[in-house]
Amino acid sequence: MTTTDQDQRTEETIFTWGAPPLKFGPGAVDEIGFEMTQYQAERVLILTDANVHAGGIPQRIVDSLSRYGIRGEIFDGVHVEPTDESMDKAAGYARAQGPWDGFIAVGGGSSIDTAKAVNLLTTDGGELMDYINKPIGQAKAPKGQLKPLIAVPTTAGTGSESTAMCVLDVLSMKVKTGISHWRLRPTLAVVDPLLSLSCPPEVSAAAGMDIVCHALESYTARWYETFDRKKAEERVTYCGSNPISDLWCERAMTLLAQSFRTAVHQGDDVEARSNMMLAATFAGMGFGNSGVHIPHANAYPIAGMVKDFRPSGYPQDEPMVPHGMSVSLTAPEAFRFTFEAAPERHLRAASLLGPDTEKADDPREQLPRVLVDLMRDIGIPNGIGAVGYGEADVPELVPGTMKQQRLLATSPRPVTEDDVAGILTRSVENW
């Protein structure tokens with residue numbers, strides 16, 4: 001193919017893939033001090049939430065830093081399921097107490113996502129809305145390199161340690177959205193499976209469903225070559241399913257099949273916890289490049305418009321639908337909808353995730369059956385009705401989903417408002 005022929009093509013020919021370096025294994029958290037010396041850091045801010053701080057892990061990291069002459073300070077005001085308000089508060093603290101040579105995020109996706117935003121706002125300047133994805137924000141790109149950020153997950157879920165995006169609630173709009181740019185990706189992921197042993201079963205279940213949906217949505221996402229051709233400066237983090245992301249997603253699904261139920265029901269099983277932490281990181285390496293689609297787009301208004309649902313295992317001071325739970329609630333119906341776009345992928349995913357699940361007469365039902373069997377076993381609520389929504393709420397939820405065009409663009413089938421309304425309505429109960 002000549003250069004001229006290549007320039008005249010209208011379909012995409014290029015995919016991108018990236019992930020941070022990874023240090024994995026029991027005890028890895030105690031090597032962070034050494035790792036920070038690689039960046040000539042002298043003063044580092046550790047961002048975490050109050051529960052994780054109380055467990056002592058951030059102090060272990062301070063001690064590790066001090067052994068190498070690095071001063072570590074702890075901010076434990078991260079909000080579980082972060083908001084624009086909570087991220088601004090964290091960034092305000094970091095600005096007032098700075099400057100910092102680097103950041104360390106310790107906790108679930110909430111802490112890691114908050115640290116990404118703090119790094120962005122303190123290094124690049126500006127306000128959250130400058131960077132939040134369109135059409136809600138301006139989707140501006142960071143002007144330069146951010147400070148070193150080491151991500152230390154304590155739950156097996158978001159895979160945020162691998163990805164170039166962060167998620168937050170915009171309180172005034174009652175909608176979840178995000179910031180997405182490759183510069184947000186952590187400098188290093190330090191994954192120590194022993195940190196997840198104390199995670200309550202309800203949190204393990206919800207966070208694990210986030211891994212499931214990351215892997216499934218990435219694997220069934222629109223193939224990268226079917227997008228319109230982009231110029232170099234137009235490339236986005238989510239490029240569609242591709243050969244490299246597929247490998248990580250398949251491996252994540254295999255690990256989930258082996259260990260998810262055990263990690264929920266026998267939380268002290270180190271092998272199961274290790275497999276789940278690997279699965280979360282691997283799925284992050286998949287979806288963090290290919291993208292997610294309908295279940296995640298639906299999850300944002302489901303979480304953002306919560307009424308009075310308070311899940312056990314989580315802080316009870318305010319209503320919330322945990323992110324992984326909100327993602328899972330419409331997943332069975334969403335994959336019924338997308339089946340026709342890539343039947344072989346849906347069936348392959350079902351066989352990886354539920355190798356022992358009885359075969360459905362209708363192939364379209366195989367992946368939903370695998371999901372429902374799993375969700376019932378680990379105690380996920382039965383549809384959006386179980387977290388406070390009914391059919392009458394669907395018209396209010398649909399606009400929040402449709403605002404997630406960055407995600408819906410990755411769906412293997414075009415998605416209309418009527419499609420979303422149907423998926424939500426049929427997800428009031430999943431079994």
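Higher on the page you've got the structure.
Residues numbered from 1 in each chain as written. Predicted model: local features only at pLDDT ≥ 70, side-chain atom pairs only at ≥ 80, totals over all residues. Heavy atoms only, no water.

Here's the deal with the overall build of the chain
Secondary structure summary: the chain contains 18 helices and 8 strands in total. In terms of principal-axis extent, the alpha carbons of the chain reach across some 65 × 60 × 40 Å. Buried positions account for 58% of the 431 residues belonging to the chain. If you sum the accessible surface of the chain, you get close to 16,700 Å²; carbon and sulfur atoms cover 49% of it. Of the side-chain charges in the chain, 38 are positive and 56 negative, and the distance between the mean point of each set is 4 Å. (Helix = DSSP H or I, 4+ residues; strand = E, 2+ residues; numbered from the N terminus. Buried < 20%, exposed > 50% of the residue type's maximum accessible area, 1.4 Å probe, protein only. Areas by Shrake-Rupley, 256 points an atom, 1.4 Å probe, with all protein chains shown as cover. Lys, Arg positive; Asp, Glu negative; His and termini not counted. Charge placed at Lys NZ, Arg CZ, Asp CG, Glu CD.)

Thoughts on the packing of helix α8 (residues 201-220) against helix α9 (residues 243-265)
Where α8 meets α9, the closest approach of the two axes is 9 Å, and the angle between their N-to-C directions is 155 degrees. Relative to α9, the element α8 lies roughly antiparallel. In the crossing of α8 with α9, the sense of the turn from one axis to the other is left-handed. On the side of α8, the interface is formed by Pro201, Ser204, Ala205, Gly208, Met209, Ile211, Val212, Ala215, Leu216, Ser218 and Tyr219, while α9 contributes Ser245, Asp246, Cys249, Glu250, Ala252, Met253, Leu256, Phe260, Ala263 and Val264. (Axes fitted to C-alpha atoms, helices over the stretch in contact; angles between N-to-C directions. Parallel < 35°, antiparallel > 145°, perpendicular 65-115°, else oblique. Left-handed = near helix turned anticlockwise from the far one by under 90°. Contact = heavy atoms within 4.5 Å.)

Re the sheet that holds strand β3 (residues 71-75)
Sheet strands pair via backbone hydrogen bonds, and the direction of the pair is either parallel or antiparallel. Taken together, the 6 strands give an open sheet; going across it, the order is β1-β8-β5-β4-β2-β3, and neighbouring strands pair in parallel fashion. Edge positions in the sheet fall to β1 (22-24) and β3, since each of these pairs with one other strand and no more. When the angles between neighbouring strand axes are averaged without regard to direction, this sheet yields 20 degrees. Helix α10 (residues 270-290) contacts β1, β5 (149-153) and β8 (188-191) of the sheet and is inclined by roughly 170 degrees relative to β1. (Pairing = 2+ DSSP bridges.)

Looking at the pairing of strand β6 (residues 165-170)
Counting buried positions along β6 gives 6 out of 6 residues, so the element sits mostly inside the fold. The alternating pattern of β6 places Met165, Val167 and Asp169 on one face and Cys166, Leu168 and Val170 on the opposite face, and all of these are buried. Both β6 and strand β7 (residues 175-180) contribute to a ladder of 6 bridges, which runs antiparallel. Considered in β7, the bridge of Cys166 is made with Ile179. Linkage of β6 to β7, two consecutive antiparallel strands, is achieved through a turn of 4 residues, within which Lys174 is found at a positive phi near 50 degrees.

What about the nonpolar core?
Met209, Val212, Leu216, Phe260 and Leu371 are the most contacted members of the largest nonpolar core, which has 77 residues in total. With 10 residues, the single largest contributor to this core is α8. Leu45, Ala105, Leu121 and Cys166 belong to the second largest nonpolar core, which has 30 residues in total. (Core = buried A, V, L, I, M, F, W, Y, C linked by side-chain atoms within 4.5 Å.)

Re helix α11 (residues 294-304)
Every α-helical turn comprises 3.6 residues, leaving residues that sit three or four positions apart pointing alike. Among the 11 residues that make up α11, 11 are buried, leaving the element largely enclosed by the rest of the structure. Among all positions in α11, only Ile294, Pro295, His296, Ala297, Asn298, Ala299, Tyr300, Pro301, Ile302, Ala303 and Gly304 are buried.

Things to note about the pattern of salt bridges
In total, this model carries 16 salt bridges according to the counting rule given. For Lys23, the salt bridge identified is with Glu35, shortest N-O distance 2.5 Å. A residue pair is termed long-range when its members are at least 10 positions apart, and Lys23 in strand β1 and Glu35 in helix α2 (residues 32-37) qualify at 12 residues. Between Arg426 and Glu333 there is a salt bridge, with the nearest N and O atoms lying 2.7 Å from each other. Of this pair, Arg426 sits in the segment after α18 (417-425) while Glu333 is found in helix α13 (residues 331-338), placing the two residues 93 residues apart along the sequence. (Salt bridge = Lys/Arg side-chain N within 4 Å of Asp/Glu carboxyl O.)

A short note on α8
Compared with an ideal rise of 1.5 Å per residue, which puts 20 residues at 28 Å, α8 spans 28 Å between its outermost C-alpha atoms and is within 8% of the ideal. Counting buried residues in α8 gives 18 out of 20 residues, a clear majority hidden from the surface. (Expected span 1.5 Å × (residues − 1).)

Considering unusual backbone geometry
A negative phi holds for most residues other than glycine; trans holds for most peptide bonds. Residue Gly98 is joined to Pro99 through a cis peptide bond whose omega torsion reads 5 degrees. In this structure, Pro99 sits in the loop between α5 (84-97) and β4 (102-107). Across the junction of Lys134 and Pro135, the peptide omega takes the value 5 degrees, indicating a cis bond. For Gln40, which is not glycine, the phi torsion reads 55 degrees and is therefore positive. Structurally, the position occupied by Gln40 is in the loop between α2 and β2 (43-47). On the accessibility criterion, Gln40 (63% relative accessible area) is exposed.

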